[in-house]
Amino acid sequence: MALPTAPRSDPAAAVAPLLQVEGVTLQYKTADHRVTATYRVSFDVHRADRFVLLGPSGCGKSTLLKAVGGYLAATEGEIRLKGNRITRPGPDRMMVFQEFDQLLPWKTVIQNVMFPLRVARGMSDAQARERAKVYIDKVKLTKFTDSYPHTLSGGMKQRVAIARGMAMEPDILLMDEPFAALDALTRRKMQEELLQLWDDTRFTLMFVTHSIEEAIIVGNRILVLSPHPGQVRAELNSVPVSDAVAARNLADRISFLLFGDEKKGVSHG
Amino acid sequence: MADLPANASGKLVPPLRPELERTPIDASKLGEIQRTLSMGDKIWGNEAVRKFSIVIVLLACWQGYAMYKSDPLVIPTAIESHQALFRDIISGEVLVYTWYSIQLLLTGYAIGATLAAILSIAATFTRVGRDILETLTAMFSPLPAIALVPLAMIWFGLGKEALIFVLIHSVLWPVALNMHGGFRSVSPTLRMVGANYGMNPLSYVIKILFPAAFPSVLTGLKIGWAFAWRTLIAAELVFGVASGGGGLGWYIYQAKNTFETPTVFAGLLMVIVIGLAIENLIFRTIEVRTVRKWGMQN
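Structure report, in brief. (Residues numbered from 1 in each chain as written. Chains lettered and ligands numbered in written order. Predicted model: local features only at pLDDT ≥ 70, side-chain atom pairs only at ≥ 80, totals over all residues. Heavy atoms only, no water.)

Points about the pairing of strand β7 (residues 172–176) of chain A
Sheet faces and side chains relate simply in a regular strand, where the side chains alternate between the two faces.
Residues and elements named next belong to chain A.
Inference 1: The buried fraction of β7 is high, at 5 of 5 residues.
Inference 2: Here strand β6 (residues 93–96) pairs with β7 via 4 bridges, running parallel. Its bridge partner lying in β7, Val 96 is registered against Met 175.
Inference 3: Taken together, β7, helix α5 (residues 184–201) and strand β8 (residues 205–209) form a β-α-β motif whose crossover is right-handed. (Buried < 20%, exposed > 50% of the residue type's maximum accessible area, 1.4 Å probe, protein only. Helix = DSSP H or I, 4+ residues; strand = E, 2+ residues; numbered from the N terminus. Pairing = 2+ DSSP bridges. Right-handed = clockwise from strand over helix to strand, strands pointing away.)

Some details on a nonpolar patch on the surface
Residue and element names in this part refer to chain B.
Inference 1: A cluster of nonpolar side chains, Met 39, Ile 43, Trp 44 and Val 49, forms an exposed patch at the surface whose accessible area comes to about 430 Å².
Inference 2: Within the element layout of this structure, Val 49 appears in helix α2 (residues 47–69).
Inference 3: By relative accessible area, Val 49 is classed as partly exposed at 31%. (Patch = residues over 30% accessible without salt bridge, like charges linked within 9 Å, V, L, I, M, F, W, Y side chains within 5 Å. Areas by Shrake-Rupley, 256 points an atom, 1.4 Å probe, with all protein chains shown as cover. Salt bridge = Lys/Arg side-chain N within 4 Å of Asp/Glu carboxyl O.)

Notes on the pattern of salt bridges
Residues and elements named next belong to chain A.
Inference 1: Here the structure, examined in full by the defined rule, presents 21 salt bridges over all chains.
Inference 2: The closest approach of N and O atoms between Glu 76 and Arg 40, which form a salt bridge, is 2.9 Å. Of this pair, Glu 76 sits in strand β4 (residues 76–81) while Arg 40 sits in strand β2 (residues 34–45), and the two are 36 residues apart along the sequence.
Inference 3: On the accessibility criterion, Arg 40 (37% relative accessible area) is partly exposed.
Inference 4: For Glu 78, the salt bridge identified is with Arg 80, shortest N-O distance 2.4 Å.
Inference 5: One connected set of salt bridges, linked through shared partners, spans Glu 22, Glu 78, Arg 80 and Arg 85.

So, the sheet that holds β6 of chain A
All names here are of chain A.
Inference 1: Strand order in this open sheet of 6 strands is β6-β7-β8-β3-β9-β10, and the pairing throughout is mixed. Edge positions in the open sheet fall to β6 and β10 (231–237), since each of these has one partner strand only. Shown here is a sheet whose adjacent strand axes are inclined to one another by a mean of 20 degrees, direction ignored.
Inference 2: Where strand β3 (residues 50–54) meets strand β9 (residues 221–226), 4 bridges bridge the pair, whose relative direction is parallel. Residue pairing for β9: Val 52 is matched across the bridge by Ile 222. (Axes fitted to C-alpha atoms, helices over the stretch in contact; angles between N-to-C directions.)

Here's the deal with the packing of aromatic side chains
Inference 1: Under the counting rule described, the total for this entry stands at 16 aromatic pairs over all chains.
Inference 2: With 4.9 Å between their ring centres and 20 degrees between their planes, Phe 43 of chain A and Phe 51 of chain A make a pair best called stacked. Just as Phe 43 of chain A is buried, Phe 51 of chain A falls in that class too.
Inference 3: Here Trp 225 of chain B and Trp 229 of chain B contribute two aromatic rings whose centre-to-centre distance is 5.6 Å and whose plane-to-plane angle is 15 degrees, an arrangement assigned as stacked. Linking Trp 225 of chain B with Trp 229 of chain B, this pair stays in helix α10 (residues 214–243), spanning 4 residues, or about one helical turn. An identical accessibility class is assigned to Trp 225 of chain B and Trp 229 of chain B; each is buried. (Phe/Tyr/Trp six-rings, centres within 6.5 Å; stacked < 30°, edge-to-face > 60°.)

As for the sheet that holds strand β1 (residues 19–29) of chain A
Residues and elements named next belong to chain A.
Inference 1: The strand order β2-β1-β4-β5 describes an open sheet built from 4 strands, whose pairing is antiparallel. Two strands close off the open sheet at either side, each with one partner strand: β2 and β5 (84–85).
Inference 2: Bridging between β1 and β2 involves 8 bridges; their strand directions are antiparallel. Bridging from a neighbouring strand, Lys 29 pairs with Arg 34 of β2.
Inference 3: Contacting β1, β2 and β4, helix α1 (residues 61–69) crosses the sheet at an angle of about 115 degrees to β1. (Contact = heavy atoms within 4.5 Å.)

Observations concerning the interface of chain B and chain A
Inference 1: Counting from both sides, the interface comprises 19 residues of chain B and, opposite them, 23 residues of chain A.
Inference 2: For the pair chain B and chain A, the summed buried area comes to about 1,800 Å², and 70% of that belongs to carbon and sulfur atoms.
Inference 3: For the interface between chain B and chain A, the tally reads 0 salt bridges.
Inference 4: Seen at the junction of chain B and chain A, the total is 7 residue pairs in polar contact (both at pLDDT 80 or more).
Inference 5: Among the secondary structure elements, those contributing two or more residues to the side of chain B that touches chain A are α8 (188–196) and α9 (201–212) of chain B.
Inference 6: Per-element tally for the side of chain B that touches chain A: the top contributor is α8 of chain B, with 6 residues.
Inference 7: Partitioned by chemical class, the residues of the side of chain B that touches chain A number 11 nonpolar, 5 polar and 3 charged. (Buried area = accessible area lost by both parts, 1.4 Å probe. Polar contact = N/O pair within 3.5 Å; in protein donor to acceptor, adjacent residues only side chain to side chain. Nonpolar A, V, L, I, M, F, W, Y, C, P; charged D, E, K, R; others polar.)

Some points on the packing of helix α2 (residues 109–119) of chain A against helix α3 (residues 125–138) of chain A
Relative orientation and spacing of two packed helices are given, respectively, by the angle between their axes and the distance between those axes.
Residue and element names in this part refer to chain A.
Inference 1: Put simply, α2 and α3 touch, their axes get as near as 9 Å, and they point 125 degrees apart. In terms of orientation, α2 lies oblique with respect to α3. Classified by chirality, the crossing of α3 by α2 is right-handed. Counted together, Val 109, Ile 110, Val 113, Met 114, Leu 117 and Arg 118 of α2 and Asp 125, Ala 128, Arg 129, Arg 131, Ala 132, Lys 133 and Ile 136 of α3 form the full contact between these two elements.
Inference 2: The residue inventory of the contact of α2 with α3, partitioned by class, reads 8 nonpolar, no polar and 5 charged. (Parallel < 35°, antiparallel > 145°, perpendicular 65-115°, else oblique. Left-handed = near helix turned anticlockwise from the far one by under 90°.)

Below is the structure:
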């Protein structure tokens, strides 16, 4: 499979994409090194996509998501949202992080969801409250509306963060391994709930994960990145998980894309 | 079939057991699950009760020793000292002195804490600000406030200004040190969350940084308060001599001059009572309503 580095003329992409990532190289500095996290990565995200960035640790997928979030600038290439170059963080791209401490501990669940609506959207208290309630209902936390975050479980905290992101109705919702710190049972439930939410409102989602299984469940389109530095290995369409055989085959294919060469190397050696 | 401890190749295998499934019984039928503690356990479990008993024991020791010595000029009994305190509270004399001290304290405290906030915010956003703060705290933090009293007298004379100057010095550095530490330890995730909302720097400081660092800020304010209160009483003892007026420190000094030892003790008791009241009523209340309620401190 050829690796597209130049802008592509894909017939399927006749509709203008929502987010365009073009030849993006990302570097960050450590104490004595300049590390290249991704090298000339290009892809498009369309409206209502559930676009997954998948790769082993060290492939720069989180760094890439943070660049889309506007937290760091590309050394090469360009990221555009609705045609506008991304230069800084903004409420049109809401982030959901992996860490449970992303909620403001001094605010209750509803206050956490209301806060960005008030400060970034300039809504009145009543408007924000009304909108927040809708989304808290959606993530099934109605009973915990007035609880403080420290009284919630990890899964509930992540649901609040998702409600907070969705309530802003951003152009794109960015999720950085949001379920990675949860136990397996909760994670599975959260994945189902996320898909249910997507089915209700059809938001655009960009989702980072290192789990092939999660990528297939959550995504409709999967960008597979190779490690050190991250480069596009493949861009695949996902399959419904209900089709167990297709899902199994896709998982094997991704596995081969990521680790195939390595395995061969081992068997020869 | 009997379970064999080992398979054919001699390796240990776990025994094969039948599976089972059960339905849990309703909890209400299980009998007692939780029991209320006995009255004695409850009382002794209360921290305030335990600490208050310690105070009672100390007072009893004091009373006993003073009665045994029976030299009221050197060590009056606990009862005499408390009588002197109540006498001056009822006459209002000690209250006037106390109010004078507290007014000064609040002024110095407010100015000191504000300056500390400005320095810490500057230190959080700029490298120069951080260098300034770190250098200044390193230089002035070890300098006892009381050592500045002579200089304060030269600069500001014998008025309130000199005392306020000394108070600011005693509050500023510990508060700035803790605030800055608190700001720096705010998690990167929370910072990114704040940045995500596109807030301006001022509203970011007030709405994210300050509350997120509140446990450290509160610790700084508590330490600053303790420093300020001690410094103030000590400085008043020195100042009182010169200016012939002032607060609780001066009250103690006067009583010493007229050998009213019970009144000296009454003054000291007042200093302790105010200290305890601020710590346990004001700071404790703030703590319970903020950092503990938010689960940021246990």
